[in-house]
Amino acid sequence: MAKVTRKPLISGNWKMHHNHFEAISTVQKLAYILTKDDYEAVDVSVHPPFTDLRSVQTVLEADEIPVALGAQHCHWEDKGAFTGEVSPAFLAKLNVTYVIVGHSERRELFGETDEMVNVKAKAILKLGMTPIICCGETLEEREAGSTDEKVAGQVRAGLAGITPEQIGGLVIAYEPIWAIGTGRTASAEDAQAVCSLVRATVSEVAGRDAAESVRIQYGGSVKGSNAVELMAQPDIDGALVGGASLVAEDFAAIVQYHAAG
Ligand code: PGA
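Conventions used here
Residues numbered from 1 in each chain as written. Predicted model: local features only at pLDDT ≥ 70, side-chain atom pairs only at ≥ 80, totals over all residues. Heavy atoms only, no water. Helix = DSSP H or I, 4+ residues; strand = E, 2+ residues; numbered from the N terminus. Rg over C-alpha atoms; globule rule 2.2 N^0.38 Å. Buried < 20%, exposed > 50% of the residue type's maximum accessible area, 1.4 Å probe, protein only. Contact = heavy atoms within 4.5 Å. Areas by Shrake-Rupley, 256 points an atom, 1.4 Å probe, with all protein chains shown as cover. Lys, Arg positive; Asp, Glu negative; His and termini not counted. Charge placed at Lys NZ, Arg CZ, Asp CG, Glu CD. Pairing = 2+ DSSP bridges. Axes fitted to C-alpha atoms, helices over the stretch in contact; angles between N-to-C directions. Disulfide = S-S within 2.5 Å. Core = buried A, V, L, I, M, F, W, Y, C linked by side-chain atoms within 4.5 Å. Salt bridge = Lys/Arg side-chain N within 4 Å of Asp/Glu carboxyl O.

(A) Examining the overall build of the protein more closely. The helix and strand inventory of the protein stands at 13 helices and 8 strands. Computed over the C-alpha atoms, the radius of gyration of the protein is 17 Å, within 12% of the 18 Å expected from 2.2 N^0.38 for a compact globule of 261 residues. When its C-alpha atoms are laid out on the principal axes, the protein stretches across 50 × 45 × 40 Å. The burial tally for the protein puts 54% of its 261 residues in the buried class. Across the protein, every contact between residues at least 6 apart in sequence was considered, and the portion connecting residues at least 24 apart equals 74%. Put simply, the protein shows about 11500 Å² of open surface, and 54% of that area lies on carbon and sulfur atoms. Within the protein, one finds 22 positive and 35 negative side-chain charges whose respective centroids are separated by 4 Å.

The structure is reproduced here in C-alpha cells:
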C-alpha cells in the first residue's frame, strides 16, 4: 500500500484566555504573518473560547483567512435542558471545523469520562465536523510504566463504534499531562514512541488504511524551538499548542517549522 501523505495540523488551544477583542486581534496578527506557503504546507486551526467564536468566524470569513475555526469542547446532544452546555449543532452553524474532545483538563477538572468522549466524538462527526480526541498519561502513570496501557485504552474507548472511514479522517492528540503548561516537553523520541503506539492501536481498531490516514498531534509545551524536532518524527502529524498559541508571533513560529533549516 502506498504511504499516505498526511497534511500536518497545527492547532492553537487558547483555553480560557483571550476575550473576543483579544481573539480578533490575535487572529489578525497571525494572518498578517502567515503566508500562502504556510497554508499549503500546514493546516492551521484556532480554538478560542465559546464567547469569541462568532467574532473570530466573522474575521476569518470576511478576510478570507485560511485558518480553520475550532472549538475546545461541546455537549453530545444537539439541544435540550443542559444549562450552560454548548450544542455541537450550534458549533457547526458557526462553520467550526475541529472540536477538541476529552482534553486532560476537561477529564481531570470537569469529570469527562472515556464514554463521554466517545459520544461527543460521534456527535461531532455526525454534524460533519472533525473531533480532535485527546489522550495522555499522568506523571504517576508514566513513572509506573503504564503509559501505553492508559493511552491505548483511551484511544480504544474514544473510537468505539466509529466507522473505519470516519476514524481515518479524524485527529488524535497525544498530550502527556505532565508536559502540559509545565514547560516540560516529552523528548521527540518518547513522543514518537507513544504516537506510534496510538497509530498501532488505531490499526487494531479500524485497520491499516484508517491508521495510515488518521492525523496524530503531539501536545505539551510545544514552542518554536522544539517544533522542528517533534514534527520530524514519522508518527507526529501536528501539534496541539496551548500557551505558545496565545501570541501570534509564537504560534506562527510553530506553524513555520516546515520552512526551517
Ligand atoms: P501547552 O498546552 O502547550 O500550554 O503545554 C497544550 C494543551 O493543553 O493543549
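(B) Molecular detail of the sheet that holds strand 7 (residues 215–219). Taken together, the 8 strands give a closed barrel; going around it, the order is 1-2-3-4-5-6-7-8, and neighbouring strands pair in parallel fashion. This sheet shows a mean twist of 25° between the axes of neighbouring strands, independent of strand direction. Seen against the sheet, helix 6 (residues 114–126) touches strand 4 (98–101) and strand 5 (130–135) and runs at an angle of roughly 160° to strand 5. Here helix 13 (residues 248–255) sits on the sheet and contacts strand 1 (9–13), strand 2 (43–47) and strand 8 (238–241); the angle it forms with strand 1, its principal contact strand, is near 160°.

(C) Seen up close, the state of the cysteines. Per the stated rule, a full pass over the model turns up 0 disulfides. With no disulfide partner, Cys74 has as its closest neighbouring cysteine sulfur the one in Cys134, 12 Å distant. Judged by its relative accessible area of 1%, Cys74 is buried.

(D) Structural context of the nonpolar core. Core analysis: the biggest nonpolar cluster contains 72 residues, and Ile10, Leu91, Val96, Ile172, Val202 and Tyr218 have the highest contact counts within it. By residue number, the principal contributor to this core is helix 10 (residues 188–206), which donates 8 residues. Setting aside residues up to four positions removed in sequence, Leu91 forms contacts with Phe50, Leu53, Ala71, His73, Cys74, Val86, Val96, Val99 and Met129. If you look at the next biggest cluster of nonpolar residues, it comprises 9 residues, including Leu9, Ala68, Tyr98 and Val171.

(E) Summary view of the environment of His103. You can see His103 is positioned in the loop between strand 4 and helix 5 (104–110). Linking His103 and Cys135, residues 32 residues apart in sequence, is a C-alpha distance of 7.3 Å. Residues in contact with His103, not counting those within four places in the same chain, are Asn13, Lys15, Cys134, Glu175 and Ile180.

(F) Representation of the pattern of salt bridges in the model. Applying the stated criterion across every chain, the model contains 16 salt bridges. Note that Arg6 and Glu212 form a salt bridge whose closest N and O atoms lie 3.7 Å from each other. Of this pair, Arg6 sits in the segment before strand 1 while Glu212 is found in helix 11 (residues 208–213), placing the two residues 206 residues apart along the sequence. For the residue pair Arg6 and Glu212, the accessibility class agrees, reading buried in each case. As a salt-bridge pair, Asp43 and Lys7 come within 2.9 Å of each other at their nearest N and O atoms. Here Lys7 lies in the segment before strand 1 and Asp43 lies in strand 2, a separation of 36 residues in the sequence. A relative accessible area of 31% means that Lys7 is categorised as partly exposed.

All we've got here are geometric facts, nothing functional implied.
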